[in-house]
Each structure stands twice: as C-alpha cells, then as structure tokens.
Amino acid sequence: MSNNSSNQMWGGRFAAGPDAIMEAINASIGFDKRLAAQDIAGSRAHAAMLAATGIVKDSDADAMREGLLTVLSEIETGNFEFSTALEDIHMNVEARLKALIGEPAGRLHTGRSRNDQVATDFKLWVRDQLDGAQGALASLMAALLAQAEAGADWVMPGFTHLQTAQPVTWGHHMMAYVEMFGRDLSRMRDARARMNECPLGAAALAGTSFPIDRDMTAQALGFDRPSANSLDAVSDRDFALEFLAAASICAMHLSRFAEELVIWSSAQFRFVTLSDRFSTGSSIMPQKKNPDAAELIRAKIGRIFGANVALMTVMKGLPLAYSKDMQEDKEQVFDAADNLMLALAAMDGMVRDMTANRASLAEAAGSGFSTATDLADWLVRVLGLPFREAHHITGALVAMAEDDGVDLPDLTLEQMQSVHSEINASIFEVLGVENSVASRTSYGGTAPAQVRAQVARWKEVLG
Ligand code: ARG
C-alpha cells in the first residue's frame, strides 16, 4: 500500500496514508510473523465460536477456517508475501484471507480486537516456550544424573572462595546442578499454570456486546479458562515477564556451570575433558582446544536478563489498557527464548560428552589441606575439645605442614603431639579424603550413599 492511500483495515476516517517513517516505526510484521501459527489457531477458534453462537453463518465460518489453513500453509512453505503497510501479522493474515475467500473474511473480526488477539497469540507462543524449556531442562538433568551416578564416589576438592575447602564427590557436585535446574523446571511449570487463561474475547478493552462464548475459545486453544477481566487481559504482559525471569535465573545457573567447565577444562585443573564435538581450535596456536560452547553459554545471561529488564521497563509506566508500547514486548522475548533453548541444548550435549578425569580430581582433592575440618572434628569427637580450641590447634598443624611443604597426612604423630599431647594415631584415619567424604552422611551431605540416594530420588521424579 502506498503512502497516499489510507489503511484498508482501519483507514475509514483517514484521508491520507502514513509517512514512510510512520510506517517504519509502526510496523511489527518484521518480527511478529513468528506468531503466524498462533494467530491462525486463534482465528480458527474464534471463527468456530462465531458460528456456534450464531453470530456468523456456518458457511461463512467454514470458509474462514478453510481459508485460514490455506494462509498457514502459504506462510509455512514460504509462499506468502508479508506487507509492511499491513503493519502486523494479524492484518497480514486477514488481508490474505480476504483475497482468498472474499466477503466472509470481513466478518472474522466480529467481537474481537487486535488487542485481545495479540495477547492470545503471544500467550500461546510463550506457553510453547515454557513447555519446551521444561523438556530441555529434564533432558539436561538426565545427563547430569548419568554423570553423578558414574562418579558418586569420585573424590574432588570442594571450594569456597575458589580456595580448597573440603573434599566432596563428583556426583555431589553434579547433583547440586540437578537441584538448581530442577527448580528452574518448576519455575517454568508454575509460570505456565498461572498464565493459562485466555484473553480472547476481551476485545479492545471492555468486552463485547456480541453473545460470544469465551469458554469455547479458551478450551479450543488449550487454556484452563477465559481471563476474568477484559482490561487486565489486554493490558498485562506478566506472563512474558515470568518466562523471562525464570529464563534469567536458569541462564544464570547455566552460566555458573559453564564457568566451572571453563576452569575445569584448563591445563591447570584438568578436572574434565570436553569432547571435540563441543570444543574449538585456535587458528594460530595448534595445541589449543577451547571451551567456546561453555564460554558462549556463560555469556547468554547477558541478553536474556537484558530482555527481562527491557520488557519490565516498557511495561512499568503504562496506564491501562493497551498502549502501542506493548508491541515492543516481542522481539526480545523471541531472542531470549531462542538463546535459552540453544544454551540448554549446548550444555546438554557438553555434559553428555564430557569426561571427568578421576585421577586429577582425586589428586586435587587431597591437596590444599582439604581435610583440616576433619582433623578439627576428630579433636572434638575423640578428645572432647571445644570446637574453637580444636580449630586453633588444627590451624597450628596446617601452618606446620605448610612450613614443611607437605600435606596434613604427611605430618608425623610426634609433630602432631608437639601441638597437642593427647593426639593419637587414630587421627590419621580421618585425614584421608575417601574417609572424609564417606563420613559426611548427614542428609544432603557429600557421602556417596547420600549422593546415590538423591540420584535415585531424582530418577523417580523425572520418570
Ligand atoms: N501489532 C500490535 C502489537 O503487537 C497488535 C495490536 C495492535 N493494537 C492496536 N490497538 N493498535 O501490539
């Protein structure tokens, strides 16, 4: 449509068409064409309802529903010409329907508005993402469970401040992420349950005087019920924000894990070997195998959290009901969803392919005085010392070992007794890392038996 003719959808009161710049800033078809399938599903449900309630003739509704399927297949096969002059996906579809079936197409927009239409389309799209993310998270968790099960009793250093703290098991570390991704999954599930109310039939903002059946359209589109307030239905985008919030938290978890993989795969750590399939080389340094996938996963949080902040900012000052600002809700949600799914798939592949280097893990587990707490606990348990005193004595022993350039189990009994005379040889039993982890049997602790119990529980949960 050219600049000097008014819009065929809403141009009744307009003598002139929009300026080219107006058309450019106003159009959303460049991105909301991604809602085509949802838009057509919504329109088909609406058409069926218009016929069932006697608002349009059955034959007209049949023509609409058939025609809409033709439009969908044209779009899916790339045989559809999107028009910027027609602004958005809703008007592009309707205009094409008009070209295909003629007059009945003009009756499709009875009892609805683009405001409830776009809210419905976008909800359907976000709902698919919430479902897809749940599936991807369950798959990643299964990959982590396999790693945890294989290495339930492989010792490795546990860190605080990235300083060696206490020995833990590989399985325990993997299961920490299973817990995190499990909460991400449940956030997606919660968001889905809360958002599953159908805006269709809220019309522009106030509802409609036509005798529509909102339960019928809600049901046809898989919603639990119609939304109960027409102003709210066309005004809020909290469903997209909940998705972005859950996606941001999930991306943050992915980013932390990715960071660990970057560190662990370095020559200094050698805790894991990433597969060739999920690594890249350097064009100048032949020895290099870089963890690019992990690094990119680590970076994805930037754009995902950015989308969350952007949409929150778009929404925060808007009076009810619809404002055109809300057209800015889509692009960044699309981008965030695409990149979350990509990051989840890449992490899934990396975890499935990676090899934990049991020997390197064990070697690192024993260094850095990692069993100092076990030693202090022994002084409390066996000699009955107060923990504070035991802590002090252990500190002195660590300093002694450090001076000698050895680890705690390498100190002699005589050296130990020079710090506290009642120490006896049984103390050496708790200084081994295997003993250390095996002793941490408190619920949720790192003992292999506890890890195996959690693996079993999660396997049951995931089915
Ligand atoms: N393209 C618009 C959007 O994405 C559709 C709704 C337009 N509604 C309106 N009253 N202009 O928000």
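Described below are features of the structure shown in this document. For clarity, every value in this text was computed on a predicted model and none was experimentally measured. (Residues numbered from 1 in each chain as written. Predicted model: local features only at pLDDT ≥ 70, side-chain atom pairs only at ≥ 80, totals over all residues. Heavy atoms only, no water.)

**Examining the site of the ligand**
In step 1: In the neighbourhood of the ligand, the contacting residues comprise Ser28, Asp32, Asp88, His90, Arg114, Asn115, Val118, Tyr322, Gln327 and Lys330.
In step 2: Interatomic distance of 3.0 Å between a side-chain N/O atom of Asp88 and a nitrogen atom of the ligand.
In step 3: At a separation of 2.4 Å, an oxygen atom of the ligand approaches a polar side-chain atom of Tyr322.
In step 4: Protein chains shield 87% of the accessible area of the ligand, which is 340 Å² for the free molecule. (Near = heavy atom within 4 Å. Polar contact = N/O pair within 3.5 Å; in protein donor to acceptor, adjacent residues only side chain to side chain. Areas by Shrake-Rupley, 256 points an atom, 1.4 Å probe, with all protein chains shown as cover.)

**Thoughts on the pattern of salt bridges**
In step 1: On inspection of all chains with the given rule, the structure shows 22 salt bridges.
In step 2: Residue Asp353 is joined to Arg277 by a salt bridge in which the shortest nitrogen-to-oxygen separation is 2.8 Å. With Asp353 in helix H12 (residues 331-353) and Arg277 in the loop between strand S5 (272-273) and helix H11 (292-315), the pair connects residues that are 76 residues apart, well separated along the chain.
In step 3: The class for Asp353 is partly exposed, based on a relative accessible area of 23%.
In step 4: A cluster of three or more residues bridged by salt bridges with shared partners is formed by Glu87, Asp88, Arg114 and Lys324. (Salt bridge = Lys/Arg side-chain N within 4 Å of Asp/Glu carboxyl O. Helix = DSSP H or I, 4+ residues; strand = E, 2+ residues; numbered from the N terminus. Buried < 20%, exposed > 50% of the residue type's maximum accessible area, 1.4 Å probe, protein only.)

**Here we look at the layout of surface pockets**
In step 1: Empty space within the largest pocket amounts to approximately 630 Å³.
In step 2: Along its surface, the largest pocket is lined by 26 residues, and Phe159, His173, Ala176, Tyr177 and Glu260 are the ones closest to its centre.
In step 3: For the lining of the largest pocket, the element with the highest residue contribution is helix H7 (residues 170-195), accounting for seven residues.
In step 4: The class makeup of the residues in the lining of the largest pocket is 13 nonpolar, nine polar and four charged.
In step 5: For the second largest pocket, the calculated volume is near 280 Å³.
In step 6: Looking at the second largest pocket, it is lined by 14 residues, and the ones nearest its centre are Ser265, Ser266, Ala267, Val272 and Lys289.
In step 7: Class assignment for the residues of the lining of the second largest pocket results in five nonpolar, seven polar and two charged. (1 Å grid on protein atoms, 1.4 Å probe; cavity = no way out; pocket = protein on both sides within 12 Å on 5 of 7 lines; lining within 4 Å. Points joined across faces, edges and corners; volume = space filled by probe spheres on them. Nonpolar A, V, L, I, M, F, W, Y, C, P; charged D, E, K, R; others polar.)

**Quick word on unusual backbone geometry**
In step 1: Looking along the chain, the bond that leaves Leu320 and enters Ala321 is cis, with omega of 0°.
In step 2: Among the structural elements, Ala321 can be located in the loop between H11 and H12.
In step 3: Non-glycine residue Ala203 carries a positive phi angle of around 60°.
In step 4: Here Ala203 lies in the loop between strand S3 (197-198) and helix H8 (214-220).
In step 5: Overall, the relative accessible area of 6% leaves Ala203 in the buried class.
In step 6: Phi angles above zero are rare outside glycine, and Phe369 is one such case at about 55°.
In step 7: On the secondary structure map, Phe369 appears in the loop between helix H13 (358-366) and helix H14 (372-383).

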